[in-house]
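A look at the structure
As a plain string of letters, each chain reads:
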Amino acid sequence: MVLVKATEDSERGGPIDPAMMEAMGRFNDELQSAGVLRTGDGLKPSSAGRRVAFDGASRTVTEGPFGPPGELVAGFWLWEVADLDEAVAWVRRCPNPMPGPSVIEIRPLYEPEDFQAGA
């Protein structure tokens, strides 16, 4: 899973730069043509979301916004790659998803073999 970390800009929820969206569309087309892209999407700012906290049988709902922005996710992709090195190579080709500095985090998904005894 490839996570686009939120920024103050993305949390403001302002207009998205059309040139950046066009560049990101071309990048997504490359991912799809290479058979890498499973799915992906952008997320609305955390002010549009809710969190549900669990404590035993208790559930507490909190309305956004949440913060700080660098600890939030603004978008994601699910990619089918051989390993983290291949994912890093793709991310290096990605257009900057934000108007200023930004971070993309890469996290492997668990595979069935991760849950086998002795793994």
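These remarks concern the structure in this document. As the structure is a prediction and not an experimental result, all values here were calculated from the model.

1. Overview of the environment of Q116
Counting through the fold element by element, Q116 comes out in the segment after β6 (104-106). Residues Q116 and G35, spaced 81 residues apart in sequence, show a C-alpha to C-alpha distance of 28 Å.

2. Structural notes on the sheet that holds strand β5 (residues 73-79)
The antiparallel open sheet is built from four strands, whose spatial order is β2-β5-β1-β6. The two strands at the open ends of the sheet, each matched to only one other strand, are β2 (37-42) and β6. Neighbour-to-neighbour, the strand axes of the sheet open up by a mean angle of 15 degrees, direction not taken into account. Pairing of strand β1 (residues 2-5) with β6 involves three bridges; the strand directions are antiparallel. Within β6, the position partnered with L3 by the bridge is E105. Those strands touched by helix α2 (residues 18-33) are β2 and β5, and its axis lies near 25 degrees from that of β5. Against the sheet, helix α3 (residues 84-93) contacts β1, β5 and β6, and its axis sits at roughly 165 degrees relative to β6.

3. Concerning the nonpolar core
Counting 18 residues, the largest nonpolar core has M24, F27, L31, W77, W79 and W90 as its most contacted members. Looking at this core, the elements with two or more residues in it are β1, α2, β5 and α3. With four residues, α2 is the single largest residue contributor to this core. Not counting residues within four places of it along the chain, the set of residues in contact with W90 comprises F27, E30, L31, A34, V36, W79 and V81.

4. So, a nonpolar patch on the surface
On the surface, V52, F54 and V61 cluster together into a nonpolar patch covering about 320 Å² of accessible area. On the secondary structure map, F54 appears in strand β3 (residues 50-55). The class for F54 is exposed, based on a relative accessible area of 60%.

5. Quick notes on the environment of L72
Among the structural elements, L72 can be located in the loop between β4 (58-63) and β5. Along the sequence, L72 and D41 sit 31 residues apart, while their C-alpha atoms lie 15 Å from each other. Apart from residues lying up to four places away in sequence, L72 is in contact with V4, K5, A6, E11, S46, R51, F66 and G67.

6. Observations regarding the pattern of salt bridges
If you walk through the whole model with that rule in mind, you get six salt bridges. Residues R26 and E22 are paired through a salt bridge, measuring 3.0 Å at the closest nitrogen-oxygen approach. Here E22 and R26 lie together in helix α2, a separation of four residues that amounts to about one turn. Under the relative-accessibility criterion, R26 is labelled partly exposed at 46%. Judged by its relative accessible area of 52%, E22 falls in the exposed class.

The rules behind the values
- Residues numbered from 1 in each chain as written.
- Predicted model: local features only at pLDDT ≥ 70, side-chain atom pairs only at ≥ 80, totals over all residues.
- Heavy atoms only, no water.
- Helix = DSSP H or I, 4+ residues; strand = E, 2+ residues; numbered from the N terminus.
- Pairing = 2+ DSSP bridges.
- Axes fitted to C-alpha atoms, helices over the stretch in contact; angles between N-to-C directions.
- Contact = heavy atoms within 4.5 Å.
- Core = buried A, V, L, I, M, F, W, Y, C linked by side-chain atoms within 4.5 Å.
- Buried < 20%, exposed > 50% of the residue type's maximum accessible area, 1.4 Å probe, protein only.
- Patch = residues over 30% accessible without salt bridge, like charges linked within 9 Å, V, L, I, M, F, W, Y side chains within 5 Å.
- Areas by Shrake-Rupley, 256 points an atom, 1.4 Å probe, with all protein chains shown as cover.
- Salt bridge = Lys/Arg side-chain N within 4 Å of Asp/Glu carboxyl O.

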